[in-house]
Amino acid sequence: MHQINTNRVVIVGAGLAALYAALKLAPRPVLMISPDPLGEGASSAWAQGGVAAAMSGDDSAEAHARDTMRAGAGSVDAEIARMVTDEAQAHILDLTSLGTPFDRSADGGYVMSREAAHSFARVVRVRGDQAGAEIMRALIAQTRATPSIQVLEGVVATGLIRQGNAIAGVSIAKSEGSASLALHAPAVLLAGGGSGGLYAITTNPPRIRGEVIGMAARAGAVIADAEFVQFHPTAIDCGIDPAPLATEALRGEGAHLINAAGERFMPAVHPDAELAPRDIVARAIYAQTQAGQRPMLDTRDCLGPHILTEFPAVAEACAKAGIDPVTEAIPVAAAAHYHMGGVAVGANGRASLEGLWVCGEASSTGLHGANRLASNGLLEALVFGRICAMDIADSIAPLEDVAEPVKLPELPAAPLARDDLVQELRQAMTRGAGVLRNAAGLRQTLATIARIEAAQPDCDALLNMTATATLICAAAYERRESRGAHCRDDFPEPAEPARRSRMTLQRALALRDTLLSEVS
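Keep in mind that what you see is a predicted model, and the values were worked out from it rather than measured.

Asker: An account of the overall build of the protein is requested, with residue identities and associated values reported.
Answerer: Helix and strand content of the protein: 14 helices and 20 strands. Principal axes of the C-alpha set define a box for the protein whose edges measure 65 × 60 × 45 Å. Out of the 520 residues belonging to the protein, those deemed buried represent 61%. Nonlocal contacts in the protein, meaning residues at least 24 apart in sequence, comprise 72% of its contacts between residues at least 6 apart. Total accessible area computed for the protein in this model is approximately 18,800 Å², and 51% of it derives from carbon and sulfur atoms. Seen as two clouds, the 44 positive and the 58 negative side-chain charges of the protein have centres 3 Å apart.

Asker: Would you mind going over the layout of surface pockets in detail, with residue names and values included?
Answerer: Empty pockets left among the atoms are what a rolling probe the size of a water molecule brings to light. A volume near 230 Å³ is recorded for the second largest pocket. What lines the second largest pocket is a set of 14 residues, among which Ile201, Tyr286, Ala334, Thr430 and Val435 lie closest to the centre. At four residues, strand E16 (residues 330-339) tops the list of elements feeding residues into the lining of the second largest pocket. A per-class count over the lining of the second largest pocket returns nine nonpolar, four polar and one charged.

Asker: How would you summarise helix H9 (residues 312-320) if you had to cite specific residues and measurements?
Answerer: Of the positions making up H9, those classed as buried are Val314, Ala315, Ala317 and Cys318. The arc that holds every buried residue of H9, seen down its axis, measures 165°, which confines them to one face. When the buried face of H9 is taken as reference, the exposed residues oriented beyond 90 degrees from it are Ala319 and Lys320. Check the buried side of H9 and you find it contacts strand E13 (229-236), helix H6 (249-252), helix H8 (307-310) and E16.

Asker: Give me the nonpolar core: which residues, what numbers.
Answerer: In terms of nonpolar packing, the biggest core is built from 94 residues, with Leu160, Leu183, Leu190, Tyr199, Leu250 and Met429 touching the most fellow members. The biggest single contributor to this core is helix H13 (residues 460-478), with eleven residues. With residues up to four places along the chain from it excluded, the contact list for Leu160 reads Ile167, Gly169, Val170, Val188, Leu190, Met215, Ala216, Ala219 and Leu356. By size, the runner-up hydrophobic cluster in this structure holds 56 residues, among which are Val30, Leu367, Ala381 and Phe384.

Asker: Let's hear about the sheet that holds strand E9 (residues 166-173): which residues, and what values?
Answerer: Within the open sheet, the four strands sit side by side as E1-E10-E9-E8. Their pairing is mixed. For this open sheet the edge positions go to strand E1 (3-5) and strand E8 (156-163), each flanked by a neighbour on one side alone. Averaged over all pairs of adjacent strands, the angle between strand axes in this sheet comes to 30°, irrespective of strand direction. By the bridge criterion, three bridges tie E1 to strand E10 (residues 180-184) in an arrangement that is parallel. Residue pairing for E10: Asn5 is matched across the bridge by His184.

Asker: Tell me about the pattern of salt bridges, and name the residues and values.
Answerer: Per the stated rule, a full pass over the model turns up 32 salt bridges. Between Asp67 and Arg70 there is a salt bridge, and its shortest N-O distance comes to 2.7 Å. Pair noted here: Asp67 and Arg70 are both in helix H2 (residues 61-71), with a separation of three residues, about one helical turn. Assessed through its relative accessible area of 2%, Asp67 is described here as buried. Residue classification places Arg70 among the exposed positions, given a relative accessible area of 54%. The salt bridge partner of Arg507 is Glu478, with a shortest N-O separation of 3.0 Å. Of this pair, Arg507 sits in helix H14 (residues 505-519) while Glu478 sits in helix H13, and the two are 29 residues apart along the sequence. Residue class for Arg507 comes out partly exposed when judged on its relative accessible area of 35%. Because the salt bridges share partners, they merge into one network encompassing Glu227, Arg479, Glu481, Arg483 and Glu496.

Asker: An account of the side chain of Asp391 is requested, with residue identities and associated values reported.
Answerer: In this structure, Asp391 sits in helix H10 (residues 376-395). Dropping the residues within four chain positions of it, Asp391 is found in contact with Asn348, Arg350 and Trp357.

Asker: Describe the state of the cysteines, listing the residues and the values that go with them.
Answerer: This model, assessed by the stated rule, comprises zero disulfides. We note that Cys318 lacks a disulfide partner, and the nearest cysteine sulfur, in Cys238, lies 8.1 Å from it. Of the residues examined, Cys318 reaches a relative accessible area of 0% and is grouped as buried. Free cysteine: Cys459, not disulfide-bonded; nearest cysteine sulfur from Cys473 at 19 Å. Note on Cys459: relative accessible area 1%, which makes it buried.

Asker: Residue-level account of the packing of helix H1 (residues 16-25) against helix H4 (residues 131-144), with values.
Answerer: Viewed as axis vectors pointing N to C, H1 and H4 meet at an angle of 35°, and their least axial separation amounts to 10 Å. Considering the relative orientation of H1 and H4, their crossing is left-handed. The residues of H4 that touch H1, namely those facing Leu16, Leu19, Tyr20 and Leu23, are Ile135, Met136, Leu139, Ile140, Gln142 and Thr143. When grouped by side-chain class, the residues that make up the contact of H1 with H4 number eight nonpolar, two polar and no charged.

Asker: An account of empty space enclosed by the protein is requested, with residue identities and associated values reported.
Answerer: Under the criterion given, the structure shown has one cavity of 30 Å³ or more. If you add up the space inside the largest cavity, you get close to 40 Å³. What lines the largest cavity is Phe231, Asp279, Ala282, Arg283, Val435 and Ala485. Sorting elements by how many residues they give to the lining of the largest cavity places helix H7 (residues 278-290) first, with three residues. Partitioning the lining of the largest cavity into residue classes produces four nonpolar, no polar and two charged.

Asker: Please set out H2 residue by residue, giving values where relevant.
Answerer: Restricting attention to buried positions, one finds in H2 the residues Ala61, Ala63, His64, Ala65, Asp67, Thr68 and Ala71. Considering only its buried residues, H2 is in contact with strand E4 (51-52), helix H3 (78-97) and H10. After H2 finishes, the residue Ala73 shows a positive phi value of roughly 60°.

What counts and how
Residues numbered from 1 in each chain as written. Predicted model: local features only at pLDDT ≥ 70, side-chain atom pairs only at ≥ 80, totals over all residues. Heavy atoms only, no water. Helix = DSSP H or I, 4+ residues; strand = E, 2+ residues; numbered from the N terminus. Buried < 20%, exposed > 50% of the residue type's maximum accessible area, 1.4 Å probe, protein only. Contact = heavy atoms within 4.5 Å. Areas by Shrake-Rupley, 256 points an atom, 1.4 Å probe, with all protein chains shown as cover. Lys, Arg positive; Asp, Glu negative; His and termini not counted. Charge placed at Lys NZ, Arg CZ, Asp CG, Glu CD. 1 Å grid on protein atoms, 1.4 Å probe; cavity = no way out; pocket = protein on both sides within 12 Å on 5 of 7 lines; lining within 4 Å. Points joined across faces, edges and corners; volume = space filled by probe spheres on them. Nonpolar A, V, L, I, M, F, W, Y, C, P; charged D, E, K, R; others polar. Arc of directions from axis to C-beta. Core = buried A, V, L, I, M, F, W, Y, C linked by side-chain atoms within 4.5 Å. Pairing = 2+ DSSP bridges. Axes fitted to C-alpha atoms, helices over the stretch in contact; angles between N-to-C directions. Salt bridge = Lys/Arg side-chain N within 4 Å of Asp/Glu carboxyl O. Disulfide = S-S within 2.5 Å. Left-handed = near helix turned anticlockwise from the far one by under 90°.

Given below as C-alpha cells:
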C-alpha cells in the first residue's frame with residue numbers, strides 16, 4: 001500500500017464537530033478528509049431545530065441537565081450532562097461571533113423554541129428550521145479562511161492504521177472505487193457522523209451509514225451504547241430517500257398528531273402529548289402506521305400560511321412531495337435519525353486506542369443515554385469538538401505552524417459496495433433492529449448481515465457498515481429490557497439498575513457466531 005507521512009492532525013469528517021475542532025486546533029496544521037464538497041453530505045447541515053442552551057433568565061444549565069437526564073431514561077452520565085449544559089451558553093456566543101445569524105428579538109435577545117421533553121423554550125434557532133445550514137455556512141467560511149487547515153474533498157476514509165495499541169493514521173482513497181493509501185499522522189480525530197442510513201427509512205444524508213464507527217470498531221476500539229438508535233417520529237412520509245424531516249419545533253409551536261380518522265392519539269399515550277420524549281412519540285407513530293391509520297402532523301391551526309415563511313425547509317420538502325401544509329396535514333413516519341451509541345470516549349474525547357479521538361455523532365460520551373434530548377446533538381458536537389481539539393494539542397508533540405500540503409497520487413480501482421447488498425442491509429435492519437425488536441428478529445438480522453459480508457468480503461466500505469450493524473444488533477440482543485429508544489416486545493419493561501453497554505466488534509462477532517451455530 002502506498003504511504004504518505006504528514007505532521008498534520010487528521011480529521012475524518014466535515015460536519016459541525018469536525019469543522020469546529022479544526023478551527024479550535026488552529027494554527028496547528030490540520031488535514032480534513034471530506035468525501036463531498038466541504039459541508040455537503042453531513043447531517044449537521046440538515047439539522048433543523050437548533051442548539052439547546054439555557055439562554056434566558058428563568059432557565060438554567062441545571063434545569064437543562066435535569067431534562068437531559070430525564071429524557072435519557074436513567075443511563076445518562078450525570079457529570080457529562082452537567083459539563084455540557086454548563087458550557088452551552090458560551091458556545092452559542094462563540095457561534096454568534098463566528099457569524100451565525102441566530103434569530104434575535106427586538107431587544108437583542110435570542111429567540112428560542114421549545115421542543116419535546118424540555119422544561120423551557122431553550123433551543124436557539126435560525127429562521128425557524130435553518131440552524132444547521134446557517135451554522136455550517138459560518139463555520140465553512142471560517143475554515144476556508146484559515147491557512148493552517150487543508151481540506152481534501154472527494155476523499156473517503158476506509159480504515160484506521162493500528163500499530164500496537166495505538167492509531168498511527170488512516171487509510172484513505174481518492175474516491176469511492178479507488179484503492180486506499182496509508183496516511184500516517186500524529187493524531188486522528190473521527191467526526192464522520194452516525195448510522196441512520198443503515199435503515200431503510202432515515203432522515204440522514206446518504207453517506208451516513210455507520211462507516212466511521214465501523215472503521216474504529218474494526219481497528220479494535222470499544223463501542224458504547226450501540227443498541228440505542230433514535231427514531232425521529234415525524235419524518236415526512238412521501239417515498240423520498242432520505243426522508244425529509246418535519247422538525248420537532250413544529251410541535252413546539254402547537255402542531256398536533258392525528259390519524260387518518262382525524263383523531264389526536266398522543267393525549268392518550270402520554271401526559272405531554274405531542275411533546276412527550278421522542279422514543280414515546282416514535283412508537284406511537286409506528287403503531288399508527290402498523291395499524292394502517294396513516295399518522296399525520298397537522299400544522300393548519302397553529303401556523304396556517306406562516307409555515308411557508310417560518311419553516312422554509314419543511315415548506316420546501318412538502319412542495320417537492322406535492323403536499324400543501326397550509327391546507328393539508330403532513331403524512332409522517334418514524335425514521336432512523338440519530339445514533340446515541342458510537343465509539344466510547346472519556347470526558348477528554350479519547351477513545352480506547354491511543355492516538356484516536358472521536359466527537360460528534362460517531363462518539364458515545366454518555367450525554368444522551370438511551371434517548372437523546374432534542375437539539376442536544378449539535379451542542380454535544382460543539383462542546384466535544386473543542387474538548388478534542390484542546391486535548392490533542394496538549395497530548396502530541398508541538399507541530400510546526402506551517403506544514404506541506406498533502407498531495408495524493410493516482411490510485412488503481414477498488415470495489416464499490418454493491419448497491420443490492422447495501423439495500424438488503426437497510427431493509428434487514430429496519431425489520432429486525434428498528435423501532436420494535438425481539439430476540440428472533442435480531443438473530444435473523446445478524447444472519448443476514450453475515451451473508452451480506454460473505455457476498456463481498458473485499459470491500460472496506462461495506463465491511464465498515466456491517467461492523468456497525470453487527471454491533472447494534474448484538475448489543476440490542478444482550479440488552480434484555482426496554483429502555484428509551486431501545487424497545488423489545490419480548491422484554492417490555494426496564495431492568496434495574498440502568499447501565500450503559502460496552503462492546504468490541506470481536507465480542508459482537510463471537511455472539512453472532514454462537515447464535516448462528518445454535519440455529520444451524
